[in-house]
Amino acid sequence: VQLQASGGGEVQAGGSLRLSCKASGTTFSINAVGWYRQPPGKQREMVAVVSIGDTIVYADSVKGRFTISRDSDKNTEYLQMNNVKPEDTAVYYCNLVDYASGVGTRDFWGQGTLVTVSS
């Protein structure tokens, strides 16, 4: 399975951006998807995840501004980013974790897409 992230770029504070992440290959039906980010000089952190039970969790810093979604037919997950702030500047990574009996858990990461928010 390969994850291809896209949609990053430069945006002014208060603007919007939508990130996409398409999975190629065969994923197991039991899976969770998410977005993580790594700001300059900092560690990677969770932004938003959709769990195996479809529970959605957001980091406090993005609640009310970012929306995670998925289109299973297109094998694509999205991150809609609204009212962005300079502190949202980071490399954004998509993630997919799937599970199958007899195989176990697999963990896949996209290559990262840079989002730069100017004030």
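Our subject is the structure that appears above.
Predicted model only: the values in this text are computed from it and were never measured.

1. Structural notes on the overall build of the protein chain
Alright, step 1. Helices and strands together make up the secondary structure of the protein chain, namely 0 helices and 11 strands.
Alright, step 2. For the protein chain, the N- to C-terminal ordering of α and β elements is β-β-β-β-β-β-β-β-β-β-β.
Alright, step 3. For 119 residues, the compact-globule estimate of 2.2 N^0.38 gives 14 Å, and the C-alpha radius of gyration of the protein chain, at 14 Å, lies within 12% of that figure.
Alright, step 4. Based on the C-alpha atoms only, the size of the protein chain along its principal axes is roughly 50 × 30 × 25 Å.
Alright, step 5. Sorting the 119 residues of the protein chain into buried and exposed places 42% on the buried side.
Alright, step 6. Taking the intrachain contacts of the protein chain between residues at least 6 apart in sequence as the baseline, contacts between residues at least 24 apart amount to 53%.
Alright, step 7. Charge centroids of the protein chain, computed over 11 positive and 11 negative side chains, lie 1 Å from each other.

2. What about the layout of surface pockets?
Alright, step 1. Put simply, the largest pocket is a space of about 180 Å³.
Alright, step 2. Elements with a minimum of two residues in the lining of the largest pocket: β3 (17–24), β4 (30–38), β7 (66–71) and β8 (76–81).
Alright, step 3. Of the residues forming the lining of the largest pocket, the biggest block, 3 residues, is contributed by β3.
Alright, step 4. Among the residues forming the lining of the largest pocket, the class breakdown is 6 nonpolar, 6 polar and 4 charged.

3. A short note on the state of the cysteines
Alright, step 1. According to the stated counting rule, one finds 1 disulfide in the structure shown.
Alright, step 2. Here Cys21 pairs with Cys94 through a disulfide, and the sulfurs are 2.1 Å apart. Taking the sign of the S-S torsion, about 60° here, the bridge from Cys21 to Cys94 comes out right-handed. One end of the pair, Cys21, is in strand β3; the other, Cys94, is in strand β9 (residues 90–100), and 73 residues separate them in sequence.
Alright, step 3. Looking at Cys21, the relative accessible area reads 1%, which means it is buried.

4. Remarks on the sheet that holds β8
Alright, step 1. Strand order in this open sheet of 4 strands is β1-β3-β8-β7, and the pairing throughout is antiparallel. With one partner strand each, in any of the chains shown, β1 (2–6) and β7 form the two edges of the open sheet. Within this sheet the neighbouring strands show an average axis-to-axis angle of 15°, counted without direction.
Alright, step 2. In this sheet, β8 lies alongside β7 in antiparallel orientation, the contact comprising 6 bridges. Bridged to Asp71 within β8 is Thr76.

Cut-offs applied
Residues numbered from 1 in each chain as written. Predicted model: local features only at pLDDT ≥ 70, side-chain atom pairs only at ≥ 80, totals over all residues. Heavy atoms only, no water. Helix = DSSP H or I, 4+ residues; strand = E, 2+ residues; numbered from the N terminus. Rg over C-alpha atoms; globule rule 2.2 N^0.38 Å. Buried < 20%, exposed > 50% of the residue type's maximum accessible area, 1.4 Å probe, protein only. Contact = heavy atoms within 4.5 Å. Lys, Arg positive; Asp, Glu negative; His and termini not counted. Charge placed at Lys NZ, Arg CZ, Asp CG, Glu CD. 1 Å grid on protein atoms, 1.4 Å probe; cavity = no way out; pocket = protein on both sides within 12 Å on 5 of 7 lines; lining within 4 Å. Points joined across faces, edges and corners; volume = space filled by probe spheres on them. Nonpolar A, V, L, I, M, F, W, Y, C, P; charged D, E, K, R; others polar. Disulfide = S-S within 2.5 Å. Pairing = 2+ DSSP bridges. Axes fitted to C-alpha atoms, helices over the stretch in contact; angles between N-to-C directions.

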